[in-house]
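# Survey of secondary and tertiary structure
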Amino acid sequence: IELFVDSANKLLLENVFFLVAGKVYKEKQTEFVLSKLSTLQENSYTYLETIQGDEYFNELIQLSDIVFLGYKAFFHGSGILTKAAYFKKTVIATKGHCIGERVDKYKLGITIEEDNIDQCINSIKSLIKNDSQNFNFEFNDYLEIHSIETFNKSMDEFVILLNQK
């Protein structure tokens, strides 16, 4: 949140709107997150509750131009990355770890260092300008590998291997 808020506050662009949505689960972080979010400019909306239902969640992704996945020390995957790819939304993610590696491998957006505000601002500006000639997004490749069909095929192959032993 800190990187996002600091970057958003330094971006003085017209026609840019920031949405921050989702529940903060760690009680200790809630106070920090709330105080940080209170500094956001007027061109933002904050909804810090659990997003109920896939339909509503999908609408939020569809309304977005860029999905920010700039997590700090987040070593896991995220369903949000798959949703962003499904709706062909570019992402900004932190380098390394699971999400950043997938964004780089499948060219789903731009990766930045965890605490680099300038990189974050430049990435947002570049994606807002829709500077797509610099990018060769591979949403379909990512979706194919993460599809239910690919999962089922892998499970079938796994069961065959188990039965051979």
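Above this note sits the structure.
Just so it is clear, the model here is predicted, and its values are computed rather than measured. (Residues numbered from 1 in each chain as written. Predicted model: local features only at pLDDT ≥ 70, side-chain atom pairs only at ≥ 80, totals over all residues. Heavy atoms only, no water.)

## Structural notes on the packing of helix H3 (residues 54–63) against helix H4 (residues 79–86)
It is at 10 Å that the axes of H3 and H4 come closest, and there the two elements cross at 60°. For the pair H3 and H4, the crossing hand works out as right-handed. Judged by residue contacts, Asp54, Phe57, Asn58 and Ile61 of H3 engage Ile80, Lys83 and Ala84 from H4. Here the residues of the contact of H3 with H4 sort into four nonpolar, one polar and two charged. (Axes fitted to C-alpha atoms, helices over the stretch in contact; angles between N-to-C directions. Helix = DSSP H or I, 4+ residues; strand = E, 2+ residues; numbered from the N terminus. Left-handed = near helix turned anticlockwise from the far one by under 90°. Contact = heavy atoms within 4.5 Å. Nonpolar A, V, L, I, M, F, W, Y, C, P; charged D, E, K, R; others polar.)

## Some points on the pattern of salt bridges
This model, assessed by the stated rule, comprises two salt bridges. Between aspartate 54 and lysine 83 there is a salt bridge; the shortest N-O distance is 3.8 Å. Here the residue aspartate 54 occupies a position in helix H3, and lysine 83 occupies one in helix H4, the gap between them amounting to 29 residues. For aspartate 54, a relative accessible area of 55% gives the class exposed. Take lysine 83: its relative accessible area is 19%, and that puts it in the buried class. A salt bridge links lysine 107 to glutamate 138; its shortest N-O distance comes to 3.2 Å. Pair noted here: lysine 107 is in the loop between helix H5 (97–106) and strand E5 (109–112) and glutamate 138 is in the loop between helix H6 (117–128) and helix H7 (139–145), with a separation of 31 residues, a long-range link. (Salt bridge = Lys/Arg side-chain N within 4 Å of Asp/Glu carboxyl O. Buried < 20%, exposed > 50% of the residue type's maximum accessible area, 1.4 Å probe, protein only.)

## So, the nonpolar core
Judged by nonpolar contacts, the single largest core of 20 residues is most densely connected at Phe4, Phe18, Val20, Leu37, Leu40, Leu48 and Ile112. Within the residue set of this core, elements represented by two or more residues are helix H1 (2–10), strand E1 (18–21), helix H2 (27–37), E5 and H6. Ignoring any residue separated from it by four or fewer positions in sequence, one finds leucine 40 in contact with Val5, Ala8, Asn9, Val20 and Thr46. Formed by 19 residues, the second largest nonpolar core is a distinct cluster that contains Ile51, Leu60, Leu69 and Ala93. (Core = buried A, V, L, I, M, F, W, Y, C linked by side-chain atoms within 4.5 Å.)

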